[in-house]
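One letter stands for each residue in the lines below.
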Amino acid sequence: MPTSAPPPSNYPTRSEDLIGRLNSVLTPYETKLKTLRELKNQIIGNRTKKLAFLKLGAVPSVVSILSSAVAENGGGSNLEFNEPVIIQSAAVIGSFACGLDAGVKAVLDAGAFPLLFGLISHPNEKVVDASARSLKMIYQSKLAPKYDFLVEKNMDFLLSLLNSKNENVTGLGGSIITHSCHTSIEQETLSEAGVIKMLINLLRGSLIQRDASLESLGAIIKENPGVISKFMGPENGRALNVVTELMKDRYPRTRLLACMCLIHIRNASLRYLQDAGIKTKLILILFELIDDPGQVGDEAPFALSSLIAEKEDLQKIAFDSNIVDKLCNHLEKGSFQAKRLQGIFLALADLCSKLEFCRDRFLSLKAFNFLTNVLTHDSPEVRAAACICLKNISRSVKNLSAGHFMNETVITPLVRLLQDTCTSVLIAALGAISNIVVDFTVHKSKFIHCGGVKQLVQLSKSMDSTIRVNAVWALKNLMFLVNSMCKEEILLELSPSMLISLICDPETSVQEQALALVRNLVDGPMDSVEYVFAEEGLLLNAIGRQLQSASKVEVLIQVRSDFSCSDLGLCLKKKTYFMCARGLLYLKVG
Amino acid sequence: MSYLLNQLNAVRHLAEFEAMATSKKVITREEWEKRLNDVKVRKEDMNKLVMNFLVTEGYVEAAEKFRLESGTEPDIDIATITDRMAVKKAVQCGNLEDAIEKVNDLNPEILDTNPQLFFHLQQQRLIELIRNGKVEEALEFAQEELAPRGEENQSFLEELERTVALLAFEDVTNCPVGELLDISQRLKTASEVNAAILTSQSHEKDPKLPSLLKMLIWAQNQLDEKAAYPRINDLSTGALEDPAV
């Protein structure tokens, strides 16, 4: 009896049908063109559809059609439709790559990249437009292959792109620079090839050219005083003035990019843009850009962070313009966009990093609730940003000692973050915890009962030294001025042998924190010093060994002479304690 | 139009002059018209303003004719205007699918990088389905195409809910979100897509002429506090009306 094929479980969906038409050799060329156009119109603007079609293998199908069309170009029987097919398939590929890493990956894996580059010099302007746009989309993703400027042939090609009359092609040149220019060598190579002058010319071009130029200039001058002084040099005309004018351009994105250029110049070189006028202007423009509902509004807070980080004077100007209120208002609006949330919290973190009145303002606006809420956000970047913000706010001694941070809404999610899979979140959470556990009241037991100590001890065994040092730092702070009962509870998790291994850690920074932890441990009533004699004096020996091998002269001479004495009478214990304490006080990081 | 420009300039001059005075000065028609005549506005400038208006608003034939008659060059390629006008017209007629296809042919980047505009076009598409009584199709469309957008963005979700609410009412003309069915909603969407296309072509999305008129009205209001003078009250005629003495 012949076996029959199993019946189809469901009829093909419209999407599957579409892909089927693209793949089938029986589909007439004209229909393929129509189908490509249909696919393009379905996916543009529609992330969900892009993902769905990616799963159905749309990209390899389209790239294959593009590849055949390119191969046939000039000859073959489908002349009438050949170029439209190239245009539509290039547009489809570009759309898949637009803002979607999975799409970019699929496009690269399918081999579209070299095909598209080949089309840049096509005689049909529309073909050039389509391929240049698609390549630009690819280059906006981190997944795009790195462009090596140091190879002469590549540099020549890039220069030809920047020289093109076609604004999409020059825009592509700009995107390549923005994507791939990172090291100072690359920046200098580009500068020496005359790219800066070309980009400055493009600043007077169309919107696409201006924006692409501003963005690439930013990449070339970032953190490079040498290139910046070239940029400001006489051969580049009044480049700075042109960029400064663009700060007032009617398009928000242009304003943002111009601000970023100026911020890079300001940050890298103290010679330029230091007067009060420009500082205030930058802050006011960014202040207004934060309101933009689109991508510009997402990126503006990052620009603000870049401007004010570590700079108290700028933080003060920003505070005076009510930026804390504005940022908190945006939180209240319930924005879901992860990028925007991350930016807002990082900017707030910078604002609250040094200035107590910023922290006060933030806390008075009841924005703290938003902070604790996003500690459980899906995006690791948002979680990390929230932790950094929390860390900076908890620098407020006034609020720390009032015990505002040592409650369940804060501690519970924070302790949970100690098990986060993402390293940057872990480190940020440890930073926040380190501050919070310095709490001057007796609420530290809350942290201990939440399982916090267990997690910290676990993390102090991490392979990653940054995690280890931050974990021990937190333990050290927890141990600070804590009562005996808590000490006992902590030591239940943190065994003396564990402490010994931390003191002998390969990283100096970990050793330092561990020794300071011991100092806090023995600090307090007289019998606290007993802890140091745990494990039959092994701990004390470890401390002694460490102080010996470290190269701090004053410390060593005193301690060595004491340790050589084997009499463990009480007076020696006392003496040793004081020697240890003093030694630890003088110990500096190597 | 030169009349309006002259008026604007005259008003501004007088406002500056009268800044020092404390009581309201009265200016007769004769005096005013003399001042107006002293103001010189170049014909080329006026032509540019007219061309700018025709081109931005998309009056292709008028722009072509004006170009031939006045020798004024448009600051934008007239060929691109035709494409843009086709999109605008499609939206104004309620053919949203057609409009979206045309925008994507013109420049696929526009809708891919402009979530707000894309949402509004899709929303308009939904409105048209509801208007044509295609309830099931509308629901399916809302679920498949619009709901995912709503998930990505809170404000889209609220807009979507308002639009879907149209389906809940038998008599849509009386429902609280009834204005979505107005032609004005179509015009709003059409204007939005027109602006986006202009921006992508590096052209300013608003013509300059309306701004000048606004400035005239504002300047006259300012001067009203200091002087009584012949005013232009009807912009369409540009007629001077004598001051009340």
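Residues numbered from 1 in each chain as written. Chains lettered and ligands numbered in written order. Predicted model: local features only at pLDDT ≥ 70, side-chain atom pairs only at ≥ 80, totals over all residues. Heavy atoms only, no water.

Caption draft 1: Fine view of the overall build of chain B. Of regular secondary structure, chain B possesses twelve helices and four strands. The dimensions of chain B, computed from C-alpha atoms along their principal axes, are 70 × 45 × 30 Å. The burial tally for chain B puts 43% of its 245 residues in the buried class. For chain B, the proportion of contacts with a sequence separation of at least 24, taken over those separated by at least 6, is 61%. A total of about 13300 Å² of accessible surface is found on chain B, and carbon and sulfur atoms cover 52% of it. When the 28 positive and 45 negative side-chain charges of chain B are each reduced to one mean point, those points stand 9 Å apart. (Helix = DSSP H or I, 4+ residues; strand = E, 2+ residues; numbered from the N terminus. Buried < 20%, exposed > 50% of the residue type's maximum accessible area, 1.4 Å probe, protein only. Contact = heavy atoms within 4.5 Å. Areas by Shrake-Rupley, 256 points an atom, 1.4 Å probe, with all protein chains shown as cover. Lys, Arg positive; Asp, Glu negative; His and termini not counted. Charge placed at Lys NZ, Arg CZ, Asp CG, Glu CD.)

Caption draft 2: Region of interest: the pattern of salt bridges. Counted by the stated rule, this structure contains 40 salt bridges over all chains. One salt bridge in this structure joins Lys102 of chain B and Asp98 of chain B, with 2.9 Å as the shortest N-O distance. In this pair, Lys102 of chain B and Asp98 of chain B both sit in helix α6 (residues 96–106), four residues apart, roughly one turn of the helix. Classification of Lys102 of chain B by relative accessible area gives partly exposed; the value is 29%. By sharing partners, the salt bridges in this structure join Arg37 and Lys40 of chain A together with Glu101 and Asp105 of chain B into a single network. (Salt bridge = Lys/Arg side-chain N within 4 Å of Asp/Glu carboxyl O.)

Caption draft 3: Expanded view of the confidence of the model for chain A. Per-residue pLDDT for chain A has a mean of 85; in total, 87% of the residues score no lower than 70. In this model, residues 551–590 of chain A is a region of pLDDT below 50 whose contacts with residues beyond four sequence positions or in other chains number 42 contacts. (pLDDT = per-residue confidence, 0-100.)

Caption draft 4: Inspection of the interface of chain B and chain A at higher detail. Contact with chain B, which involves 26 residues of that partner, is made by 30 residues of chain A. Roughly 2200 Å² of surface becomes buried between chain B and chain A when both sides are summed, with 41% attributable to carbon and sulfur atoms. On the chain B side of the contact with chain A, Glu109, Asp112 and Ser202 of chain B bury the most area, a combined 24% of that side's loss. On the surface where chain B and chain A come into contact, there are seven salt bridges. Close ionic contact of Glu145 of chain B with Lys49 of chain A constitutes a salt bridge, the shortest N to O distance being 2.4 Å. Counting across the chain B and chain A interface gives 14 residue pairs in polar contact (both at pLDDT 80 or more). Mapped onto the side of chain B that touches chain A, the elements with two or more residues apiece are α6, α7 (109–112), α8 (115–131), α9 (135–152) and α11 (183–200) of chain B. Per-element accounting of the side of chain B that touches chain A gives the leading share, six residues, to α9 of chain B. Among the residues making up the side of chain B that touches chain A, the classes are represented as six nonpolar, ten polar and ten charged. (Buried area = accessible area lost by both parts, 1.4 Å probe. Polar contact = N/O pair within 3.5 Å; in protein donor to acceptor, adjacent residues only side chain to side chain. Nonpolar A, V, L, I, M, F, W, Y, C, P; charged D, E, K, R; others polar.)

Caption draft 5: Layout of unusual backbone geometry. Residue and element names in this part refer to chain A. Phi is positive for Glu223, which is not a glycine, with a value near 55 degrees. With respect to the helices, strands and loops of the structure, Glu223 is situated in the loop between α13 (207–221) and α14 (225–231). By relative accessible area, which is 66% here, Glu223 ends up exposed. In the Ramachandran plot, Leu273 falls in the positive-phi region, its phi being about 55 degrees despite a non-glycine side chain. Within the secondary structure layout, Leu273 lies in the loop between α16 (252–268) and α17 (276–289). A relative accessible area of 13% means that Leu273 is categorised as buried.

Caption draft 6: Representation of the side chain of Asp350 of chain A. Residues and elements named next belong to chain A. Note on placement: Asp350 falls in helix α21 (residues 338–351). Buried within the structure, Asp350 lacks any salt-bridge partner; Arg395 is the closest side chain of opposite charge, at an N-O distance of 8.2 Å. Excluding residues within four positions of it along the chain, Asp350 makes contact with Ser305, Ile308, Ala309, Gln315 and Asn392.

Caption draft 7: Layout of the packing of α17 of chain A against helix α19 (residues 312–320) of chain A. Residues and elements named next belong to chain A. At a minimum axis distance of 10 Å, the contact between α17 and α19 shows a crossing angle of 50 degrees. Taken together, the axis directions place α17 and α19 in an arrangement best described as oblique. Classified by chirality, the crossing of α19 by α17 is right-handed. Here Lys279, Thr280 and Ile283 of α17 come into contact with α19, specifically with Asp313, Leu314, Ile317 and Ala318. (Axes fitted to C-alpha atoms, helices over the stretch in contact; angles between N-to-C directions. Parallel < 35°, antiparallel > 145°, perpendicular 65-115°, else oblique. Left-handed = near helix turned anticlockwise from the far one by under 90°.)

Caption draft 8: Local environment of the side chain of Lys279 of chain A. All names here are of chain A. Considering the arrangement of structural elements, one finds Lys279 in helix α17. One polar contact links Lys279 to Asp313, side chain to side chain, over a distance of 2.9 Å. Lys279 has contacts with Arg266, Gln274, Asp313, Leu314 and Ile317, leaving out every residue within four places of it along the chain.

Caption draft 9: Structural detail: the packing of aromatic side chains. Residue and element names in this part refer to chain A. Throughout the structure, instances matching the rule amount to ten aromatic pairs over all chains. Centre to centre, the rings of Phe117 and Tyr139 are 6.5 Å apart; their planes meet at 75 degrees, and the pair counts as edge-to-face. Here Phe117, found in helix α7 (residues 112–118), pairs with Tyr139, found in helix α8 (residues 125–139); they are 22 residues apart in sequence, far enough to count as distant. Here Tyr139 falls in the buried class, since its relative accessible area comes to 3%. Members of the aromatic cluster, connected to one another through ring pairs, are Phe113, Phe117, Tyr139 and Phe157. When the ring centre of Phe287 is taken as origin, the NZ or CZ atom of Lys326, which lies over that ring, is 4.1 Å away. Taking the ring centre of Phe302 as reference, the NZ or CZ of Lys339 above it sits at 5.0 Å. (Phe/Tyr/Trp six-rings, centres within 6.5 Å; stacked < 30°, edge-to-face > 60°. Lys NZ or Arg CZ within 6 Å of the ring centre and 35° of its normal.)

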